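Chain by chain, the residues:
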Amino acid sequence: MLIRLTGGEVVDPVNGATAKRDVWIRDGLLVDAPKGATADETHDVSGCIVMAGAIDIHSHIGGGNVNTARLLLPEHHRAHLPRPANTPLSNAGWSTFQTGTLYAQMGFTTVVEPAMAPYAALHTHLELADIPIIDKATLAILGNDDFTLSLLRDSKSKAMLDDYVAWIIGSSRALGVKVINAGAAAAFKENVRSFSLDDIVPEYGVSSRKIVKSLQASVTRLGVPHPLHVHANNLGIAGSADTAAATIAATEGVPLHLAHLQFYGYGTEGKRKFSSEAARLAEAVNANPDVTIDIGQVMFGQTVTISSDVMRQFSAIGNASPKKTVILDGDGNGGGGIVPYRYKQDYYGSLQWAVGLELFLLITDPWRVYFTTDHPNGAPFTAYPELFELLMSSNARDAKSTELNATALGLTTLASVRREYTLEEIAIMTRAAPAKLLGLKDRGHLGAGAIADVAVYRKGRDIAKMFREAALVFKNGDLVVKNGKVTHYRWGKTLRLNPPPDKAMVKRMQAYHEERYGLSLDWFTFPDSAIQRPDPFAEVIS
Amino acid sequence: MSVAWIGSQPVPLTDAVRNAAKLLASSRCPVFTLDADVHGTRSAIALAERLGGAYDHAAGDVLAKEVALFTDHGGMFTTPGEARRRSSLIVIVGEIPAAHHELLQAWADSQPDLGDRHKRSLFHIGGIETTEAGRLARKLKAIPLRGEGLSLPAALGVLRAALQGQRIAASLSNIERFKKALATAQFPVFVFSGTSGDTAGLVMLQGLIADLNKTGRASSVFLPADDDAWGTALTSLWMTGFPPRTGFSNSLPSYDPGRWDIQRMIRDKEADLHVWMSTRGGETPPLGGKIPLISLSKTNAPTSGAKVTISVGKAGIDHDGVSYSSRTGTFRAVQAAQPSQLPSVSSIIGQLAEALPGKKALPC
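In every chain, residue numbers begin from 1 and rise along the written sequence. Each chain takes a letter, starting from A, and each ligand takes a number, starting from 1, following the order in which they are written. Only residues with pLDDT of at least 70 get local features here, since the model is predicted, and only at 80 or more are side-chain atom pairs given and counted; chain-wide, interface and lining totals rely on the full set of residues. Side-chain figures throughout are based on the complete set of non-hydrogen atoms in the structure, without hydrogens or water.

**Q** Help me out: how do you make sense of the domain arrangement of chain B in this one?
**A** Where interface size is given, it is often the accessible area lost as the parts come together that is meant. All names here are of chain B. All the domain ranges listed were derived from an automatic or database domain assignment. Domain assignment breaks chain B into domain 1 (4-59 + 227-355) and domain 2 (67-222). The distance between the C-alpha centroids of domain 1 and domain 2 comes to 35 Å. With eight residues of domain 1 at the interface, the matching set in domain 2 holds eight residues. For the pair domain 1 and domain 2, the summed buried surface comes to about 730 Å²; carbon and sulfur atoms form 67% of the total. As used here, buried area is the combined drop in accessible area, with a 1.4 Å probe, of two parts when they are placed together. Taken as a group, Trp 230, Ser 326 and Arg 327 account for 67% of the area that domain 1 buries against domain 2, more than any other trio of residues on that side. One side-chain nitrogen of Lys or Arg within 4 Å of one carboxyl oxygen of Asp or Glu is enough to make a salt bridge. The tally of links between domain 1 and domain 2 comes to zero salt bridges. For this analysis, a polar contact is any N or O atom pair within 3.5 Å, provided that within protein one partner can donate a hydrogen and the other can accept it, and provided that sequence-adjacent residues contribute only side-chain to side-chain pairs. Remark: the boundary between domain 1 and domain 2 carries one residue pair in polar contact (both at pLDDT 80 or more). Ten residue types, Ala, Val, Leu, Ile, Met, Phe, Trp, Tyr, Cys and Pro, are classed as nonpolar, four, Asp, Glu, Lys and Arg, as charged, and the remainder, Gly among them, as polar. Looking at the side of domain 1 that touches domain 2 residue by residue, the class counts come to three nonpolar, three polar and two charged. Residue contacts are defined here by distance: any two heavy atoms, one from each residue, within 4.5 Å place the two residues in contact.

**Q** What am I meant to see in the pairing of strand 15 (residues 308-311) of chain B here?
**A** Where a strand is regular, its side chains alternate between the two sheet faces. Residues and elements named next belong to chain B. Burial classification: accessible surface area is computed with a 1.4 Å probe over protein chains only, and a residue below 20% of its type maximum counts as buried, one above 50% as exposed, and the rest as partly exposed. Put simply, DSSP marks the helices as runs of H or I at least four residues long and the strands as runs of E at least two long, and each gets a number from the N terminus on. Because side chains alternate across strand 15, one face comprises the buried residues Val 308 and Ile 310, and the other comprises Thr 309 and Ser 311, equally buried. Two strands pair when backbone bridges link them, and strand 1 (residues 4-6) and strand 15 are joined in this way by three bridges, in the antiparallel orientation. Across the sheet, Ile 6 pairs through a bridge with Val 308, a residue of strand 15. If DSSP finds at least two bridges between two strands, the strands pair.

**Q** Can you help me understand the side chain of Gln 262 of chain A in this one?
**A** Topologically, Gln 262 of chain A is positioned in the loop between strand 15 (256-258) and strand 16 (266-267). Setting aside its immediate chain neighbours within four residues, Gln 262 of chain A contacts Ile 295, Gly 296, Val 298, Gln 352, Val 355, Gly 356 and Leu 359 of chain A.

**Q** Any chance you could explain the pattern of salt bridges here in plain terms?
**A** Oppositely charged side chains can form a pair if their charged atoms are brought close together. Residue and element names in this part refer to chain A. For the coordinates displayed, the defined rule picks out 50 salt bridges over all chains. The partner of Asp 130 in a salt bridge is Arg 533, and the shortest N-O contact between them spans 2.6 Å. Of this pair, Asp 130 sits in the loop between helix 3 (121-129) and strand 10 (135-142) while Arg 533 sits in the loop between helix 17 (503-517) and strand 28 (537-539), and the two are 403 residues apart along the sequence. Here Arg 533 falls in the buried class, since its relative accessible area comes to 14%.

**Q** Sorry if this is basic, but what is going on with the packing of aromatic side chains here?
**A** Given two aromatic rings, their pairing is described by the distance between the two centres and the angle made by the two planes. For Phe, Tyr and Trp, rings pair up if their centres lie within 6.5 Å, where Trp contributes its six-membered ring, and each pair is then called stacked (planes under 30 degrees apart), edge-to-face (over 60) or tilted (otherwise). Enumeration over the complete set of coordinates arrives at 35 aromatic pairs over all chains. A network of ring pairs unites the aromatic residues Tyr 103, Phe 108, Phe 360, Phe 371, Phe 381, Tyr 384, Phe 388, Tyr 457 and Phe 467 of chain A as a single cluster. The lysine or arginine in question, Arg 217 of chain B, covers the ring of Phe 188 of chain A, its NZ or CZ lying 3.8 Å from the ring centre. Here, a charge over a ring is recorded when the distance from Lys NZ or Arg CZ to the ring centre is within 6 Å and its angle to the ring normal is within 35 degrees.

**Q** Would you mind going over the nonpolar core with me for this structure?
**A** One recurring pattern in soluble globular proteins: nonpolar side chains tend to sit buried together. Of all hydrophobic cores here, the largest spans 245 residues; its most connected members are Phe 360 of chain A together with Leu 24, Ile 125 and Trp 230 of chain B. Counting only domains with at least three residues in this core, you end up with domain 1 (4-59 + 227-355) and domain 2 (67-222) of chain B. What Leu 24 of chain B contacts, discounting residues up to four positions off in sequence, is Phe 32, Leu 47, Leu 51, Leu 273, Val 275, Ile 294, Leu 352 and Leu 356 of chain B. Note on terminology: a nonpolar core comprises buried Ala, Val, Leu, Ile, Met, Phe, Trp, Tyr and Cys residues joined through side-chain atoms within 4.5 Å.

**Q** Sorry if this is basic, but what is going on with empty space enclosed by the protein here?
**A** Once rolled over the atoms, a probe with the size of a water molecule shows which space is left empty. Think of a 1 Å grid over just the protein atoms. A cavity is a set of points where a 1.4 Å probe fits yet cannot get out, a pocket is an open set with protein on both sides within 12 Å along at least five of seven lines, and lining residues have an atom within 4 Å of a point. Grid points are joined across faces, edges and corners, and a volume is the space filled by probe spheres set on the points. Tallied over the full model, the rule gives eight cavities of 30 Å³ or more. Its boundaries defined by the atoms lining it, the largest cavity holds a volume of some 770 Å³. Taken together, 44 residues make up the lining of the largest cavity; nearest its centre are Gly 64, Asn 65, Thr 68 and Leu 328 of chain A together with Gly 329 of chain B. Considering every element that reaches the lining of the largest cavity, the biggest residue donor is helix 1 (residues 64-72) of chain A, with five residues.

**Q** Please explain the side chain of Arg 84 of chain B as it appears in this structure.
**A** Position of Arg 84 of chain B among the secondary structure elements: in helix 4 (residues 80-86). A polar side-chain atom of Arg 84 of chain B sits 3.1 Å from the main-chain carbonyl oxygen of Arg 516 of chain A. Beyond its immediate stretch of four places on either side in the chain, Arg 84 of chain B contacts Glu 515, Arg 516, Tyr 517 and Gly 518 of chain A together with Ala 106, Trp 107, Ser 110, Gln 111, Pro 112 and Arg 120 of chain B.

What follows is the structure, given as structure tokens:
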């Protein structure tokens, strides 16, 4: 099958300047214009922008905590409007089916669930397998589990840590590793209520810094393409910018990804002792090429915060709206907290909104800043179209600012920043850079040989509308969306690394689980066939 | 040996599927009683969506109570693994189903290796003592916390008030002993199930745990009354956004534990076809309805009163599958212990969907 998209303006910074050119798809892959060939299918995309399918590197779309949030909040479905039709179960609000449908309609074709508890990996993959159309991937959480902490406490060899990290990645079918408030979940079980980078985990005598540095080094030694994905300490509190700055300063030449930096962009200035430190953090990021970040933009309205940072979530119970929460002290890296929250246009909400935008606009290199709302923590991913508009239009920011708390905005630089993202920068931030960061060479661009994940947007003055309803979306060459609606239903894959397990480590794991949990290792592992879909996984060669 | 029947007559499986599909196609409001592993549940929910039906689990009443704790309140929880490793004080709340007694015994027979590492002690707080609860408490050497004439919610209320230092009219046996154990335990854990008491009692328990967390740490382990039912609830949540007692109108799911209580719907003649599953075998459909019945059950004989019976296997016994396990608090891949020719629920439902007009495959 040969498909031709003709007449569109192709925005593909990896392969050259924006220009009108045809895009050709053959059997699921992008190809150069074939000489003398006639397309089986031609789409006239005049007046449209053609980009690679978008990639979301940090969106909580499936797994135990997400599902517990659904259980806690059956009334929350309205946050996930608009509801599409024509595909099985896609009308089921906040379901796996709707997640895939809504992402595809915005031109997203790959999404990473960034917080998979290794012991509950099967649950996560069962959910991801029921997300249609798009490809998925996961990051396995490490850094709060007894085994890692014991290795560090006992000064075991780097090779042993590497074998363990590789076993976790392989057995949980992950694409990378994330650490969440390193050591804090373990410390919280010992009634520690606050935890910073140099604080020590009781029982183990290792600092949060040591955990992060050890895992960062291990991931790098193993050749995992995605740098260690770090959810730092002290999320959301006034003064957290100091923690983020210290974490950024601690990279020491080794790559590190800092997640949802907006939630660390807070200082202690002003009458309310809650101010923006975004400019300082942006400067720190700009000056340190080891660091990539995603934002975790706040948008206004009802949402639910879902995090494995159980210490932080426990401290937020008082702010729950509505007043019901779940706090789970999980096994090792599992657990977390579900705290529903409504972002209001008050002082605090306005400041958080502005901090995110400041970071987006003041970090100069679009290859190192990633487009996220930390779905659903800052906002549901369905708010992306409005966020694109805020980034691409200073007028849109000005207009929104008039509705917000002037005192809060006065403590930020937002009004003075007039930068507007170009389409090329959007394409880098949401396509090319995520592919590079995750080690996915087959996507994020429209060059020959890439998989045919293509999003076509109808150009218009209304930027949000343009990005909300893609004119056409192709996934692996299948036309899946037309005029903002899913027209074809297919199943994507979950991308994983598949490092071979070290035999000695497998034996050690067997003995550890039998001794500590009284259960054989097969209680915690699973075969691919458990997913019961044809070829649910695809391997990424690192 | 027959695996399919129309009425009481054995028939080839294809005939039974065709006949069942006819019943489904002509139904205006089919209801599904689920009892299957994750994949059987996924298929059944997808079929219910296509047909505009409603579904619940066979253990729907107790499941609804467990679900209500979360939808109405929430709470603080931990896993069986953490309880085993970290808790030197375990409080069993009310009645815990027999399926979990082996787990409780394993805790009683082991010691924590993390946290305070004190010798583990067990208490049992209950209302009016039942034979079963009393036997379990004695077997585990759990110290009773009981007040004369107090129901479980009342006993929990008294305990909560006592721990807050409030004056209380009633008293609980061994309360001072409990306070002493609590004072040295770094991570006390309360173990409960949907069988422990009504939702109000479970909410009271969570209030007590919240109090303890103001200055120290405490948590609870939730052991579902029925692991398969809880697995169905979790599966339903990711597929539709809702727990069971969900129905579909114009392909939109809605959750309403009253409206979609399918036993009530059958009794009140709101439903016109009942698809009843029982993979654990040896069960009969609940009485009280006179609507046509399709039985997907582990049986070697036709289900009494069923228009169509198809014998199905159970995941983990007859075929591989995925089930919820309260031993780990998450899903587990289970291998067939005694592989048989009995088809899985998901394969039968797939065949039913393809036998419906339109012959469209299900998404699960």
